Amino acid sequence: EAQVTQNPRYLITVTGKKLTVTCSQNMNHEYMSWYRQDPGLGLRQIYYSMNVEVTDKGDVPEGYKVSRKEKRNFPLILESPSPNQTSLYFCASSYGPKYEQYFGPGTRLTVT
Amino acid sequence: TQLLEQSPQFLSIQEGENLTVYCNSSSVFSSLQWYRQEPGEGPVLLVTVVTGGEVKKLKRLTFQFGDARKDSSLHITAAQPGDTGLYLCAGAPDRGSTLGRLYFGRGTQLTVWP
């Protein structure tokens, strides 16, 4: 089954404790991206990757890191989480930005 | 700054009514996508429009891409409670430094009452 998986689905953590949210896709897509969704703000792109070892900033990259060492995986790293990073995060993959985006189920992160 | 302005933000209507959601920008897009999102889930694609002036129909939903490829609309005829959800437009810029980006509107929360 074609899918994008994210882990964990829910995470409560404390300020400053490094965390990683994993994202994996099995569709051989070149393009992967991370979004955060906050009430009234829609989906905002954090980082995107056009292919392995190629990543670039989106709208709101501050406080986040990503890596793309393999085509299928695109982890999101928060080196020192802060409460303003409390949000719902989605990973997505596709053949490119103008093609259908396949979204993961989301990760609800709370930073206290 | 929101590259894609989506309106209205909220829409609450009775079953059987018609509605239109707008997605506007001053930028040109190579494609415009419409997604629908249910609570607790990721967005799911409804349609992609790529040609200026293009009209696509999906049962009771009609999507239109502006002639200049800067705006789009979603029209629902005879809305049903099953249409309830968050509707999002997304655009991929046509050129420039933002070529790899995908921009989303803030969404329209539609509620259709029986």
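Details of the structure are given in the entry above.
All values derive from a computational prediction rather than experimental measurement. In every chain, residue numbers begin from 1 and rise along the written sequence. As they are written, the chains are lettered A onward and the ligands numbered 1 onward, keeping that order. The predicted nature of this model means local features are confined to residues of pLDDT at least 70 and side-chain atom pairs, given and counted, to a pLDDT of 80 or more, with totals for whole chains, interfaces and linings taken over all residues. Hydrogens and water molecules were not included; the side-chain quantities draw on all heavy atoms of the structure.

Further remarks concern the sheet that holds strand β6 (residues 55-58) of chain B. All names here are of chain B. At least two DSSP bridges between two strands are required for those strands to pair. Only DSSP runs of H or I reaching four residues or more are called helices, and only runs of E reaching two or more are called strands; each is numbered from the N terminus. An order of β1-β3-β8-β7-β6 is seen for the five strands of this open sheet, with the pairing classed as antiparallel. Both edges of this open sheet fall to β1 (5-7) and β6, since each of them pairs with a single strand only. Taking each pair of neighbouring strands and ignoring which way they run, the sheet shows an average axis angle of 15 degrees. As defined by bridge partners, β6 adjoins strand β7 (residues 61-65) across four bridges and the pair is classed as antiparallel. Whenever a helix is involved, its axis is fitted only over the stretch in contact; in every case the axis is a line through C-alpha atoms, and angles between N-to-C directions fall within 0 to 180 degrees.

On to the side chain of Ser87(A). All names here are of chain A. Its place among the elements puts Ser87 in strand β9 (residues 87-94). Partly exposed describes any residue whose relative accessible area lies between the buried limit of under 20% and the exposed limit of over 50%, with all areas from a 1.4 Å probe on protein chains only and scaled to the type maximum. The class of Ser87 is buried, set by a relative accessible area of 4%. A distance of 2.8 Å separates a polar atom in the side chain of Ser87 from a polar atom in the side chain of Asp38. Setting aside its immediate chain neighbours within four residues, Ser87 contacts Arg36, Gln37, Asp38, Thr107, Arg108 and Leu109. Nitrogen and oxygen atoms within 3.5 Å of one another constitute a polar contact, given that in protein one can donate a hydrogen and the other can accept it, and given that sequence-neighbouring residues count only through two side-chain atoms. Residue contacts follow a heavy-atom distance rule, with two residues in contact if any of their heavy atoms lie within 4.5 Å.

Residue and element names in this part refer to chain A. Every case where a carboxyl oxygen of Asp or Glu lies within 4 Å of a side-chain nitrogen of Lys or Arg is listed as a salt bridge. Scanning the model with the defined rule gives eight salt bridges over all chains in all. The closest approach of N and O atoms between Arg44 and Asp38, which form a salt bridge, is 2.8 Å. According to the relative accessible area criterion, Arg44 is partly exposed, its value standing at 22%. By relative accessible area, Asp38 is classed as buried at 12%. Salt bridges sharing common partners tie together Arg36, Asp38 and Arg44.

Take the interface of chain A and chain B next. Contact with chain A, which involves 23 residues of that partner, is made by 24 residues of chain B. What gets called buried area is simply the loss in accessible area from a 1.4 Å probe that two parts show on being joined, summed for both. Carbon and sulfur atoms supply 51% of the area that chain A and chain B bury against each other, a total of about 1,700 Å² over both sides. Viewed at the interface, chain B and chain A are joined by one salt bridge. The closest approach of N and O atoms between Asp59(A) and Arg101(B), which form a salt bridge, is 3.2 Å. Seen at the junction of chain A and chain B, the total is 10 residue pairs in polar contact (both at pLDDT 80 or more).

This part takes up the environment of Val54(A). Residues and elements named next belong to chain A. Residue placement: Val54 occurs in strand β6 (residues 54-57). In this structure, the C-alpha to C-alpha distance between Val54 and Lys69, residues 15 residues apart in sequence, is 9.1 Å. Aside from chain neighbours lying at most four places away, what touches Val54 is Tyr48 and Ser49.

With that settled, consider the nonpolar core. In this description, a nonpolar core means a group of buried Ala, Val, Leu, Ile, Met, Phe, Trp, Tyr and Cys residues linked to one another through side-chain atoms lying within 4.5 Å. By size, the foremost hydrophobic cluster in this structure holds 21 residues, and its most contacted members are Leu4(B), Leu19(B), Leu32(B), Trp34(B), Leu74(B), Ile76(B) and Leu110(B). At the level of secondary structure, the elements contributing two or more residues to this core comprise β3 (19-24), β4 (29-37), β5 (44-49), β7, β8 (71-76), β9 (85-93) and β11 (108-113) of chain B. Not counting residues up to four positions away in its chain, the partners in contact with Leu74(B) are Leu19(B), Thr20(B), Val21(B), Trp34(B), Leu61(B), Thr62(B), Phe63(B) and Tyr87(B). Ranked by size, the runner-up nonpolar core spans 19 residues in total, among them Leu19(A), Leu76(A), Leu78(A) and Val111(A).

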